[in-house]
Amino acid sequence: MKIAVLKETRPGETRVAATPETVKKYLGLGASVSVQTGAGEAARFSDADYADAGAKICPSAADAVQEADIILKVQAPSSEEMRVFARGVKLIGILSAYNAPDTVPAYARMGVDAMAMDFMPRITRAQSMDVLSSQSNLAGYKAVIDAAAYYGRALPMMMTAAGTIAAAKVFVMGAGVAGLQAIATARRLGAVVSATDVRFAAKEQVNSLGATFVTVDEEAMKEAETEGGYAKEMSDDFKKRQAEFVAGHIAKQDIVITTALIPGRPAPRLVDADMVRSMKAGSVMVDLAVEAGGNVELARLGEAIETNGVTILGFANVPGRLAADASSLYARNIYNFIAAFTDKESGNFFADPEDDIIKGVSLTRDGKVVHAAFEPEEA
Ligand code: NAD
């Protein structure tokens, strides 16, 4: 089995899909690994680190993918990058296919077996392969650190000889993986934290972290979770009442962190311009859903803006702002996936099409689109 690790080409992508640690592990599986020169540079892994781990360093992507069985990426490759991919190769990455549905038939046309790590089913067996969790967890942490950096005050209550500083009030909207980590981080920094979500299960998790759960309608929340554990889109009535409730709560907050996502749909709009205007000057908002359309009306992708004294952070690729840790966890997620489907005797990767994990992540196979969400409609 030959594995190729490519340097990311998207502007601002700092992560890498394999680390020297996982290169060693692949060799332990009997694989060989080629790494494009500079692939780990932005995450502080040098070519020498990869070479020491046993990888072959290649001067270009075209060299790295020569005779590769599997290509590892963080982001989906551009059509330019795909020119050097051979038919039959397996591509593993965070392919964001809902945001770019045209890429799926393109993989099929090129004979690339595309496996989307971001489609990993949320089942116990796949927990160690769950890239959305590993990356969201870091994003939730970094959102609080970013907010604290822009907030012109301290987060914890401080009693000093010169007087007392009140603790900051932090409100987290969406208490999934990122939101729960944001709550835990804000609590560690001494803030007074409240949170909301539409899923009923989130209430207990929020409370267990020492934050207050706030909601407009607990009964409606009992219907809001899919079998896969994700949120459904809520009714217009719920959204209206949620907005009224949120407006009152937000006006009292110092920092608001929004993380709400609905798979395959634009992010729900939770904070409008009036709500932002209701906040005190010096407050900070972080929209972690900005790449999915944004929870905050005024947030701008990739920008930190200020309006009426309120800072709104819409940084792109927040996990990539912690490139070394994000890469380490992502690389381990991929290794765990590959190792689970590698035959220990032959050392070959076999993606059993009947396996629930393979069914979940496979977009294309043998030149055909195989994922139900992207299958062409019958003529
Ligand atoms: P996500 O990133 O899809 O969404 C973030 C959060 O936003 C979710 O909690 C969602 O309920 C919430 N949300 C959506 N619409 C909202 C709205 N209008 N208002 C407020 N909040 C809203 O979610 P996620 O972080 O990937 O987690 C989803 C669930 O999956 C969680 O229950 C998590 O614990 C679970 N999970 C399970 C596994 C596993 O079993 N292997 C792994 C990871 C996550």
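Residues numbered from 1 in each chain as written. Predicted model: local features only at pLDDT ≥ 70, side-chain atom pairs only at ≥ 80, totals over all residues.

### Points about the overall build of the protein
At step 1: Looking only at helices and strands, one finds 13 helices and 17 strands in the protein.
At step 2: Compactness check: the protein gives a C-alpha radius of gyration of 22 Å against a globular reference of 21 Å for 379 residues, within 12% of the reference.
At step 3: Each principal axis of the C-alpha atoms in the protein carries an extent, and together these give about 65 × 55 × 35 Å.
At step 4: When each of the 379 residues of the protein is scored for burial, the buried share is 45%.
At step 5: Look at the contacts in the protein between residues 6 or more apart in sequence, and 64% of them connect residues 24 or more apart. (Helix = DSSP H or I, 4+ residues; strand = E, 2+ residues; numbered from the N terminus. Rg over C-alpha atoms; globule rule 2.2 N^0.38 Å. Buried ≥ 20, exposed ≤ 12 C-beta atoms within 10 Å, placed from the backbone. Contact = placed C-beta atoms within 7 Å.)

### Regarding the packing of helix α1 (residues 20–28) against helix α12 (residues 323–340)
At step 1: Their axes nearest at 9 Å, the elements α1 and α12 cross at an angle of 15 degrees. Overall, the two elements α1 and α12 adopt an arrangement that is roughly parallel. Like other packed secondary-structure pairs, α1 and α12 cross with a definite hand, here right-handed. Note on element contacts: α12 touches α1 through A331, R332 and Y335, opposite T22, K25 and Y26.
At step 2: Its residues assigned to classes, the contact of α1 with α12 comprises 3 nonpolar, 1 polar and 2 charged. (Axes fitted to C-alpha atoms, helices over the stretch in contact; angles between N-to-C directions. Parallel < 35°, antiparallel > 145°, perpendicular 65-115°, else oblique. Left-handed = near helix turned anticlockwise from the far one by under 90°. Nonpolar A, V, L, I, M, F, W, Y, C, P; charged D, E, K, R; others polar.)

### Describing the site of the ligand
At step 1: Around the ligand, 30 residues are found, and the nearest of them are G174, G176, G229, A231 and A260.
At step 2: For the shell around the ligand, the elements supplying multiple residues, two or more each, are α6 (131–150), α7 (177–188) and α8 (201–208).
At step 3: Residues belonging to the shell around the ligand are distributed by class as follows: 17 nonpolar, 9 polar and 4 charged. (Near = placed C-beta within 6 Å.)

### Considering unusual backbone geometry
At step 1: For N308, which is not glycine, the phi dihedral falls at a positive 50 degrees.
At step 2: Note on placement: N308 falls in the loop between β14 (304–307) and β15 (310–313).
At step 3: Using a count of 13 C-beta atoms within 10 Å as the deciding quantity, one classes N308 as partly exposed.
At step 4: Backbone geometry at D366 places phi at a positive 50 degrees, although glycine is not the residue there.
At step 5: Judged by C-beta crowding, with 11 C-beta atoms within 10 Å, D366 ranks as exposed.

### So, the pairing of strand β2 (residues 32–36)
At step 1: Most of β2 sits inside the fold, with 4 of its 5 residues counted as buried.
At step 2: Direction of pairing for strand β1 (residues 2–5) relative to β2: parallel, over a ladder of 4 bridges. Pairing of V5 across the sheet is with V35, part of β2.
At step 3: After leaving β1, the chain enters α1 and then returns to the sheet as β2, a path that is right-handed. (Pairing = 2+ DSSP bridges. Right-handed = clockwise from strand over helix to strand, strands pointing away.)

### A closer look at α1
At step 1: Along α1, the positions that sit buried rather than exposed are P20, T22, V23 and Y26. Buried positions in α1, seen along its axis, are confined to an arc of 160 degrees and lie on one side of it.
At step 2: Residues of α1 that are buried make contact with β1, β2, α2 (47–53) and α12.
At step 3: In the stretch just after α1, G30 is the one whose phi turns positive, near 95 degrees. (Arc of directions from axis to C-beta.)

### Digging into the sheet that holds β1
At step 1: Strand order in this open sheet of 6 strands is β3-β2-β1-β4-β5-β6, and the pairing throughout is parallel. Strands with a single pairing partner mark the edges of an open sheet, and in this sheet they are β3 (56–58) and β6 (113–116). The sheet shows a mean angle of 25 degrees between the axes of neighbouring strands, direction not considered.
At step 2: With 3 bridges connecting them, β2 and β3 associate as parallel partners. Pairing of Q36 across the sheet is with C58, part of β3.

### Digging into the nonpolar core
At step 1: The biggest cluster of nonpolar side chains holds 113 residues, and the ones touching the most others in it are V5, I71, L72, V172, I183, I257 and I334.
At step 2: The leading source of residues in this core is α12, at 9 residues.
At step 3: Excluding its chain neighbours within four sequence positions, the residues that come into contact with V5 are V16, A17, A18, V33, V35, Q36, A39, A64 and L72. (Core = buried A, V, L, I, M, F, W, Y, C linked by C-beta atoms within 7 Å.)

### Describing the environment of N207
At step 1: Mapped onto the elements, N207 comes out in helix α8.
At step 2: For N207, a count of 12 C-beta atoms within 10 Å gives the class exposed.
At step 3: Along the chain, N207 and S194 lie 13 residues apart, while their C-alpha atoms are 9.1 Å from each other.

### Some thoughts on the sheet that holds strand β12 (residues 255–258)
At step 1: Within the open sheet, the 7 strands sit side by side as β11-β10-β9-β12-β13-β15-β14. Their pairing is mixed. This sheet does not close on itself; its edge strands, each paired only once, are β11 (212–213) and β14.
At step 2: Both β14 and β15 contribute to a ladder of 4 bridges, which runs antiparallel. Counted as the bridge partner of I305 is I312 from β15.

### Points about the packing of α6 against α12
At step 1: Packing of α6 against α12 leaves a shortest axis separation of 9 Å and a crossing angle of 165 degrees. In this view, α6 runs roughly antiparallel relative to α12, as classed from their interaxial angle. You can see that α6 and α12 cross each other, and the crossing is right-handed. On the side of α6, the interface is formed by V131, S134, Q135 and L138, while α12 contributes D325, A326, L329, Y330 and N333.
At step 2: Residues that form the contact of α6 with α12 fall into these classes: 5 nonpolar, 3 polar and 1 charged.

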